[in-house]
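Letter by letter, the chains look like this.
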Amino acid sequence: DKRIEGIGITVRFSQNVTTVHMNANVGDAVFNQNSKVLTWTIDRLGKTLSPNLGGTIALARPISNHEQKPEVSASWKIPAYSISGMRVANVSIFNETYKVHKGMRSVTRAGKFSIRT
């Protein structure tokens, strides 16, 4: 049972967005008015509370079908976990004068995915 840590959700809005007011039940949600980017950060995901983000978005004018949809990206890490299942069988270290601890740690980090509709 591994815990997910360092969760970040980033939403890049178009310049048509004038204001964004968001409320998160977990973590912090901050909207940068200049760059039109909303960043929601969660330090550690708990077992009992599901993260929820809600709020309002104000537009300067109605959105046309040709305008860009918001770009959403997510990042996270899972310490001491290898999602691929790969394991290290042997570590050999030579020419060291101190006693070496032969240990291996793994961390799973989010990659880049693109969802197009």
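Look a little higher up for the structure.
Residues numbered from 1 in each chain as written. Predicted model: local features only at pLDDT ≥ 70, side-chain atom pairs only at ≥ 80, totals over all residues. Heavy atoms only, no water.

S.K.: Hey, could you go over the overall build of the protein chain for me, with residue numbers and the actual values?
M.R.: Along the protein chain, the regular secondary structure elements total 0 helices and 7 strands. For the protein chain, the α and β elements follow one another from N to C terminus as β-β-β-β-β-β-β. The proportion of buried residues among the 117 residues of the protein chain is 16%. Within the protein chain, contacts between residues at least 6 apart in sequence are counted, and of these 75% link residues at least 24 apart. (Helix = DSSP H or I, 4+ residues; strand = E, 2+ residues; numbered from the N terminus. Buried < 20%, exposed > 50% of the residue type's maximum accessible area, 1.4 Å probe, protein only. Contact = heavy atoms within 4.5 Å.)

S.K.: Please give an account of the packing of aromatic side chains that cites residues and values.
M.R.: According to the stated counting rule, one finds 1 aromatic pair in the structure shown. Consider the rings of F13 and F31, whose centres lie 6.1 Å apart with planes at 70°: the pair is edge-to-face. Separated by 18 residues along the polypeptide, F13 in the loop between β1 (5–12) and β2 (17–24) and F31 in strand β3 (residues 28–32) bring together distant segments of the chain. As far as burial versus exposure is concerned, F13 and F31 are alike and both buried. (Phe/Tyr/Trp six-rings, centres within 6.5 Å; stacked < 30°, edge-to-face > 60°.)

S.K.: Can you explain the sheet that holds strand β6 (residues 71–79)? Please cite residues and give values.
M.R.: Here we have 5 strands laid out as an open sheet, ordered β3-β4-β1-β6-β7, and antiparallel in their pairing. Edge positions in the sheet fall to β3 and β7 (107–109), since each has one partner strand and no second. Going across the sheet, the axis of each strand differs from the next one's by a mean of 10°, ignoring polarity. When β1 meets β6, the two strands line up antiparallel, connected through 6 bridges. Residue G8 lies in a different strand from β6, and its bridge partner there is S75. (Pairing = 2+ DSSP bridges. Axes fitted to C-alpha atoms, helices over the stretch in contact; angles between N-to-C directions.)

S.K.: Which residues make up the pattern of salt bridges, and what values go with them?
M.R.: Throughout the structure, instances matching the rule amount to 1 salt bridge. Note that E5 is salt-bridged to R44, the shortest N-O span being 2.6 Å. Taken together, the residues E5 in strand β1 and R44 in strand β4 (residues 37–44) connect sequence positions 39 residues apart. Overall, the relative accessible area of 48% leaves R44 in the partly exposed class. (Salt bridge = Lys/Arg side-chain N within 4 Å of Asp/Glu carboxyl O.)

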